[in-house]
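The chain contents come next:
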Amino acid sequence: MKKEALHVSSPPAPGPFDAALVETGRFPDHEETPEFVRNELRPWLRKLAHEHSLQPAAWIQGADLHEGNAADLVRKHGAQWIPETGLGVWPDREPPRLWSAEDFHELDPGQKIRPMMYTVFHVSGGTEASEHALSTLAGSGTLIYALLASAPEEFHRNATERFLPEIREEALRGYPFYMPLLDIHSLQTGLSNPDTFHSWMGTARVYVRESAEDRGILLISGIRNALRDFLESIRL
């Protein structure tokens, strides 16, 4: 069977950021995705990290860990990755909250209730562990990867200061860190308020997320021309 090629689109992003969506379809079905991440995306990220003195960091999204063999891979490599639990926040949606009776009453027949929370796991084992997680979980639909201008602890601290005041549920206010979950809708929201979008990005100069909502890998870069040059070089 001939492999299906990946395609790329370029959603508008608030300046100075650029964005692209590598369209994979439903995770983890597209067989080309791991090859793209390992052979194209990973070398580009390494190059940017070296040229701009950036700190690689990786996170694992808990919502889709049940898909494929992602959970088994996390268990297998947990001693190397040292995952630390935090809470993901959609900055342009309502803040995280527990289920209420109204959530169940408002469901249509056959409709699934929204996830109560979006757990994320920071790969705290350092740069090598982050790069290993990137290669190992490529195409699983669970990865977030970023190149940071400073240590992950500062990124977490900034995100916590930004998002925690909006969370009212006491049970959800005790996580060690909070993590922005961005998709194409976040980019659209940011177009009307770039300063707010910048606050969501924090110290991240490059943000990569396997986005089940967008059926693809979302790439956001604040490094001038870096994403454009990358896309031209790979010609998806």
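Residue positions are given per chain, counted from 1 along the sequence in the order it is written. Given that the model is predicted, a residue must reach a pLDDT of at least 70 before its local features are reported, and side-chain atom pairs must reach 80 or more before they are shown or counted; all residues, however, enter totals for whole chains, interfaces and linings. The basis for every side-chain value is the complete set of heavy atoms in the structure, and neither hydrogens nor water enter the calculation.

> Explain the packing of aromatic side chains to me, and be specific about the residues and the numbers.
Pairing of aromatic rings covers Phe, Tyr and Trp, the last counted by its six-membered ring, and requires centre-to-centre distances within 6.5 Å; plane angles under 30 degrees mean stacked, over 60 mean edge-to-face, and any other angle means tilted. Applying the stated criterion across every chain, the model contains 7 aromatic pairs. Residues tryptophan 59 and phenylalanine 155 carry aromatic rings whose centres are separated by 5.5 Å and whose planes lie at 50 degrees to one another, so their mutual orientation is tilted. Taken together, the residues span a long stretch of sequence, with tryptophan 59 in strand β3 (residues 55-61) and phenylalanine 155 in helix α5 (residues 152-163) at a distance of 96 residues. We note that tryptophan 59, like phenylalanine 155, is buried. An aromatic cluster of three or more residues is present, and its members are Phe17, Phe197 and Trp200. Only DSSP runs of H or I reaching four residues or more are called helices, and only runs of E reaching two or more are called strands; each is numbered from the N terminus. Exposed residues in this analysis have more than 50% of their type's maximum accessible area, buried residues have under 20%, and partly exposed residues fall in between, with area computed by a 1.4 Å probe over protein chains only.

> Run through the environment of aspartate 18, naming residues and quoting values.
Summarising the element assignment, aspartate 18 is placed in strand β2 (residues 18-23). Counting along the chain gives 210 residues from aspartate 18 to arginine 228, while the straight-line C-alpha distance between them is 8.0 Å. With near-sequence residues (within four places) excluded, aspartate 18 lies in contact with Ala13, Leu219, Ile220, Ser221, Asn225 and Leu227. The criterion used for residue contact is that any of the two residues' heavy atoms lie within 4.5 Å.

> Summarise the pairing of strand β6 (residues 143-148); cite the residues concerned and give the values.
Both faces of the sheet carry side chains from a regular strand, because those side chains alternate between them. When you tally the buried positions in β6, you get 6 out of 6 residues, the bulk of the element. The alternating pattern of β6 places Leu143, Tyr145 and Leu147 on one face and Ile144, Ala146 and Leu148 on the opposite face, and all of these are buried.

> Explain empty space enclosed by the protein residue by residue, including any values.
As defined here, a cavity is a set of points on a 1 Å grid over the protein atoms alone where a 1.4 Å probe fits but cannot get out. A pocket is an open set with protein on both sides within 12 Å along at least five of seven lines, and residues line them when an atom is within 4 Å of a point. Grid points are joined across faces, edges and corners, and a volume is the space filled by probe spheres set on the points. Counting across every chain of the model gives 2 cavities of 30 Å³ or more. Taken together, Val37, Leu41, Leu134, Leu143, Ile144, Tyr145, Val208, Arg209, Glu210 and Ile217 form the lining of the largest cavity. For the lining of the largest cavity, the elements supplying multiple residues, two or more each, are α1 (33-52), β6 and β8 (204-211). For this classification, Asp, Glu, Lys and Arg are treated as charged, while Ala, Val, Leu, Ile, Met, Phe, Trp, Tyr, Cys and Pro are nonpolar and the rest, including Gly, are polar. When grouped by side-chain class, the residues that make up the lining of the largest cavity number 8 nonpolar, no polar and 2 charged. Each pocket or cavity is described by its volume, and for the second largest cavity that value is around 30 Å³. Taken together, Phe155, Asn158, Ala159, Phe163, Ser199, Trp200, Met201 and Gly202 make up the full set of residues lining the second largest cavity. Broken down by secondary-structure element, the contributors of at least two residues to the lining of the second largest cavity are α5 and α7 (194-201). The biggest single contributor to the lining of the second largest cavity is α5, with 4 residues. By residue class, the composition of the lining of the second largest cavity is 5 nonpolar, 3 polar and no charged.

> A description of the sheet that holds strand β5 (residues 118-123) should follow, citing residues and the corresponding values.
Paired strands, in this sense, are two strands between which DSSP finds at least two bridges. Across the sheet, 9 strands lie side by side as β1-β2-β9-β8-β6-β3-β5-β4-β7; this open sheet has mixed pairing. This sheet does not close on itself; its edge strands, each paired only once, are β1 (7-9) and β7 (178-180). Sheet twist, expressed as the mean angle between neighbouring strand axes with direction ignored, is 25 degrees. Pairing geometry for β8 and strand β9 (residues 216-221), over 6 bridges, is antiparallel. In the strand pairing of β9, serine 211 is matched with glycine 216. Angles shown run from 0 to 180 degrees and are taken between the N-to-C directions of axes, each axis being a line fitted to C-alpha atoms and, for helices, limited to the stretch in contact. The strands touched by α5 are β3, β4 (83-89), β5, β6, β7 and β8; relative to β7, the strand with the most contacts, the crossing angle is about 85 degrees.

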